[in-house]
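Given next are the chains, with one letter for each unit.
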Amino acid sequence: MAIIVPTTTFSGYDSTEIIEDAVSMTSVINKLKPRYITSAKCDYRFPTQPYGGTLEAYECCNDTGGNSTFPVKDGTLCNYQFKLSFCSTDLDCTIFEQLKAQGLNKEAANNPSYIEAILVNLIRKNVARGIDNMAMNGGAAYGTTCLGLLQQWDADPDVHTVTGTTITSANIKTEIDKIFAARDPDLILEPQNLTLVVSTEFITAFEAFITQPGQYYNPLPGDNINYKWINGTPLVAMPGMPANTAFLTPMDNIIVVTDSTDDFNNVAITNMADSNAFCDEVRMRAKFRFDINYGISRYIVYYKP
C-alpha cells in the first residue's frame with residue numbers, strides 16, 4: 001500500500017475543529033470542568049470576581065452612586081505546535097492494521113479519506129496528551145510566556161500553599177485535612193463546586209485507606225468513574241501532576257482559552273516523497289493557540305512536598 005494524500009500538503013478545512021476536538025479530549029476539560037473560552041484571539045480578558053456591589057437601605061436618589069467595577073485579569077494566548085514523522089513503510093503497516101481492525105478490506109485501505117482520518121485522530125490524541133502535561137507543568141519545551149498552573153502558583157504569594165510529604169494510606173487523611181483546613185473562608189461557605197485534584201499517589205493511597213477496617217467510601221448520587229469522593233468533594237487524578245502534589249479550588253476558577261479563528265490554527269499532513277524522491281517520510285504538524293489561567297488566587301490551595 002502507498003500513502004495517498006490528495007495534494008502535497010493536507011491543510012485542513014476543518015483544522016479548527018480538529019484542534020477543538022483535541023482540547024475537548026483532554027483531562028483538563030473532561031475532569032476539571034473549567035471555564036472554557038473558545039473565542040479568544042491573541043489576548044483575552046475575564047472577570048475574576050463572580051459578584052460585586054453593596055446591599056444597603058433603599059434611597060430614592062442615591063448621591064453616592066453604587067456602581068461596581070468587576071476586577072478582571074488579562075492573559076495572552078501562546079502559539080504551540082505538535083510535530084510527528086513516520087517512515088512511510090511503517091505508517092503503511094500501521095494504517096492497514098487499523099483499517100483491518102475496523103473491518104475494512106484491502107482495497108479500502110488506499111482510500112485517502114480513511115488514511116487522513118487515522119492520521120488526524122493520531123494528532124488529536126497526541127495534542128490532547130501534550131496539553132494535559134503542559135497545562136499542569138509548563139516547562140522549557142513550551143516556552144517562557146505561558147506557564148503551567150503549578151508554575152504560576154509557585155510565583156503567586158496569594159495562593160494558599162501547604163507543605164506536603166510523601167502520601168501513604170497511613171497519612172492521607174491527615175494530609176487531606178491540611179488541604180481543607182487551608183481553604184479560604186468563602187470556600188467553606190460555598191463548597192459545592194470544589195474539586196480536589198491530585199497526583200496518582202493520592203488515589204492509590206486513598207483506595208488503600210478506604211479498605212481499612214472502620215473506613216468507608218463516600219459516593220455521591222451519579223458517582224462518576226473518573227472520581228473518588230471525600231466528604232462530598234470529588235477527588236480526581238490528573239495527568240502531569242508531579243508526585244505527591246494536589247490542589248483544591250472551585251473548577252470555574254480555572255480558565256482554559258483557545259483560539260477559534262483560522263488564521264493560525266492549522267493541520268498539515270505532507271508526503272515528502274511527492275517533492276523528494278529520496279525521502280519516504282510522511283510528516284504531520286498541528287499548530288494552535290492555547291492558554292490556561294486562573295481567577296482568584298486566594299481560592300486555590302496548593303499542596304506540594
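For the structure itself, look to the data block above.
Going along each chain's sequence as written, the residues are numbered from 1 onward. Residue-level local features of this predicted model are given only where pLDDT is at least 70; pairs of side-chain atoms are given and counted only at 80 or more, and the full residue set underlies all totals for whole chains, interfaces and linings. Derived side-chain values reflect all non-hydrogen atoms in the structure, with water molecules and hydrogen atoms excluded from consideration.

A. Fine view of the overall build of the protein chain. Runs of H or I in DSSP of at least four residues are treated as helices and runs of E of at least two as strands, each being numbered from the N terminus. Within the protein chain one finds eight helices and 14 strands. Across the protein chain, the fraction of contacts at a sequence separation of at least 24, relative to all contacts at a separation of at least 6, is 79%. Summed over its atoms, the accessible surface of the protein chain is roughly 15,700 Å², and 52% of this surface lies on carbon and sulfur atoms. Contacts between residues were defined by any pair of non-hydrogen atoms, one from each residue, lying within 4.5 Å. The accessible surface values rely on the Shrake-Rupley method and a 1.4 Å probe; as for residues, cover is taken only from the protein chains in view.

B. Expanded view of the pattern of salt bridges. Salt bridges are defined by distance alone: a side-chain nitrogen of Lys or Arg within 4 Å of a carboxyl oxygen of Asp or Glu. Within this structure, the stated rule accounts for nine salt bridges. With a closest N to O distance of 2.7 Å, Asp 74 and Arg 45 form a salt bridge. Here the residue Asp 74 occupies a position in strand β4 (residues 72–76), and Arg 45 occupies one in strand β3 (residues 43–47), the gap between them amounting to 29 residues. A salt bridge links Arg 298 to Asp 184; the nearest nitrogen and oxygen atoms lie 2.9 Å apart. Pair noted here: Arg 298 is in the loop between β13 (281–294) and β14 (301–304) and Asp 184 is in the loop between α6 (172–181) and α7 (185–189), with a separation of 114 residues, a long-range link. Between buried and exposed lies partly exposed: a residue is buried under 20% and exposed over 50% of the maximum accessible area for its type, with that area taken using a 1.4 Å probe on protein chains only. Given a relative accessible area of 7%, Asp 184 falls into the buried group. Through salt bridges that share partners, Asp 184, Asp 186 and Arg 298 make up one connected network.

C. Structural detail: α6. Among the residues of α6, those classed as buried are Ile 172, Glu 175, Ile 176, Ile 179 and Phe 180. Down the axis of α6, the buried set is contained in an arc of 145°. They therefore lie on one face. The inward-facing, buried residues of α6 contact β7 (194–198), α8 (200–210), β8 (228–230), β9 (233–237), β10 (246–250) and β14. By definition, the arc is the one covered by directions from the helix axis to the C-beta atoms.

D. Focus on the packing of α6 against α8. Structural elements are reduced to axes, namely lines fitted to C-alpha atoms, with helices fitted over the stretch in contact, and the angle between N-to-C directions of any two is expressed from 0 to 180 degrees. One can describe the packing of α6 onto α8 by two numbers: an axis separation of 10 Å at closest approach and a directional angle of 120°. Our classification of the angle between α6 and α8 gives oblique. Between α6 and α8, the contacting residues are Ile 172, Lys 173, Ile 176 and Ile 179 on the first element and Phe 202, Ala 205, Phe 206 and Phe 209 on the second. Taken together, the residues that form the contact of α6 with α8 break down as seven nonpolar, no polar and one charged. Any angle that is under 35 degrees is reported as roughly parallel, and any over 145 degrees as roughly antiparallel; angles of 65 to 115 degrees are reported as roughly perpendicular and all others as oblique. Residue classes follow a fixed rule: Ala, Val, Leu, Ile, Met, Phe, Trp, Tyr, Cys and Pro count as nonpolar, while Asp, Glu, Lys and Arg count as charged, and any other residue, Gly among them, counts as polar.

E. Quick look at the sheet that holds β14. The mixed open sheet is built from six strands, whose spatial order is β6-β14-β10-β7-β9-β8. One side of each edge strand has no neighbouring strand; the edge strands of this open sheet are β6 (160–163) and β8. Each strand of the sheet is rotated relative to its neighbour by a mean of 25°, with strand direction disregarded. Summarising the sheet, β10 and β14 pair through three bridges and their orientation is antiparallel. When the sheet's bridge partners are listed, Phe 247 is paired in β14 with Tyr 302. Paired strands, in this sense, are two strands between which DSSP finds at least two bridges.

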